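A structural walkthrough
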Amino acid sequence: MITIIGSINMDIAIQTTIFPKQGETVLGNLFTTIPGGKGANQAVAAARLGSDVQIIGAVGKDAFGTELYMNLKNENVHVDGIQKTDNSTGIANILLHNNDNRIIVVPGANFDVDQKMIDANLELIKQSALVMLQLEIPVETIEYVLKVCEDLAIPVLLNPAPAANFKQEWIDKVSYLTPNETECEVMFGEDYETVLKQYPNKIIVTLGGEGAAYFDGNQIIRIAGYKTKAVDTTGAGDTFNGAFAHAIIEGKSIEEAVRFANITASLSVEKFGAQGGMPRIEDVMIRLEEMK
Ligand code: RIB
């Protein structure tokens, strides 16, 4: 079982060809609401590939909360660990412009994921072969989960996004850390290659369309991405993380898992929305065949 302890958001996406300057009003092309949140996205990515996945998180008692809860349930994610709190459901304001995105997250109920909620779900956590975390829930909760997992000897994958709240002392407590190139440089203040060399087989840096890299103890292993036409890159990192976790739990090596995650993420950017393009295992298999 993969347990995700993380955010559940409604993504409020606006597509525009003109990006407004400060104080300016422009007309956009498209507005839509789509399920998102890094925690929920990673849960859906792994579940669509066939992993047994549960999520521990929080939504509000509002319409978005109900919709997001039902969405996860329909995606075969176990939802017993979701609590409805008095805060509003988390949202992400996503501005899509020139095949790129800018995101503002308002955490709302996601910040109610606290130590008490973790204790209440301890029996669920004990079933985990891997716990996955991102940084859209309170830092104190992350710290507490790391301690709980250390005590229970459960491996942790930490996707340090957004990177600002990352603490370097967490590194020894995680099995895998998966920043993108920018996050890696924000977290460590050094270029990613220098950082990788200090943490063999632990840090996997994602490099967008260029794929991903890690250090195997002897050399930096670079695994190229699959070149494709991106429609929307929102959630590509989440798809990578969900797929990487799925492959690791299946017993694949880091190299095989990164290769699999690259292909899965490349499929996800071909459709609109964070979860919209996340492929099922059959689709990944077809692409792997095409590549032979
Ligand atoms: O990683 C993409 C996600 O970040 C979006 O779905 C949004 O909700 C934010 O959490």
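Residues numbered from 1 in each chain as written. Predicted model: local features only at pLDDT ≥ 70, side-chain atom pairs only at ≥ 80, totals over all residues. Heavy atoms only, no water.

So, on to the UniProt feature "domain: Carbohydrate kinase PfkB" (unreviewed entry) in the protein. The feature "domain: Carbohydrate kinase PfkB" (unreviewed entry), as annotated in UniProt, sits at residues 2–279 in this numbering. Strand forms 26% of residues 2–279 and helix 33%; the C-alpha atoms that close the span are 18 Å apart. (UniProt positions renumbered as here; feature names shortened; annotations may be inferred. Helix = DSSP H or I, 4+ residues; strand = E, 2+ residues; numbered from the N terminus.)

Quick look at the UniProt feature "active site" (unreviewed entry) in the protein now. Here the UniProt-annotated "active site" (unreviewed entry) positions come out as D238. Structurally, D238 can be placed in helix α8 (residues 236–249). For D238, a relative accessible area of 6% puts it in the buried group. Once residues lying within four places of it in the same chain are set aside, the contact partners of D238 are K38, N41, Q42, A45, N159 and M278. (Buried < 20%, exposed > 50% of the residue type's maximum accessible area, 1.4 Å probe, protein only. Contact = heavy atoms within 4.5 Å.)

Considering the arrangement of structural elements, one finds Q42 in helix α1 (residues 38–48). The spatial distance from the C-alpha of Q42 to the C-alpha of A109 is 18 Å, given a sequence separation of 67 residues. If near-sequence neighbours (up to four positions away) are discounted, Q42 is found in contact with I4, M132, Q134, N159, D238, N241 and G242.

What follows is about the nonpolar core. Core analysis: the biggest nonpolar cluster contains 46 residues, and I8, I55, L72, I204, F240, F244 and V258 have the highest contact counts within it. By residue number, the principal contributor to this core is helix α9 (residues 254–268), which donates eight residues. Among all residues touching L72, those that are not within four sequence positions of it are I8, A40, V44, I55, V77, V79 and I82. In this structure, I56, V145, A163 and L207 belong to the second largest nonpolar core, which totals 41 residues. (Core = buried A, V, L, I, M, F, W, Y, C linked by side-chain atoms within 4.5 Å.)

Following A161, the chain continues to P162 via a peptide bond in cis, the omega torsion being -5 degrees. Position of P162 relative to the elements: it lies in the loop between β9 (156–159) and β10 (176–177). Here the phi dihedral of N76 falls at roughly 65 degrees; this positive angle occurs in a residue that is not glycine. With respect to the helices and strands, the residue N76 is situated in the loop between α2 (63–74) and β5 (77–85). Here N201, not a glycine, exhibits a phi torsion of approximately 55 degrees, which is positive.

Take α2 next. The terminal C-alpha atoms of α2, which comprises twelve residues, lie 16 Å apart, in line with the 16 Å expected from a rise of 1.5 Å per residue. Residues of α2 that are buried: G65, L68, N71 and L72. One face of α2 carries all of its buried residues, which in axial projection span an arc of 130 degrees. Exposed and facing more than 90 degrees away from the buried side of α2 are A63 and N74. Looking at the buried residues of α2, the elements they touch are β2 (9–15), β3 (30–36), α1, β4 (53–60) and β5. Directly after α2, the chain includes N76, whose backbone phi takes a positive value near 65 degrees. (Expected span 1.5 Å × (residues − 1). Arc of directions from axis to C-beta.)

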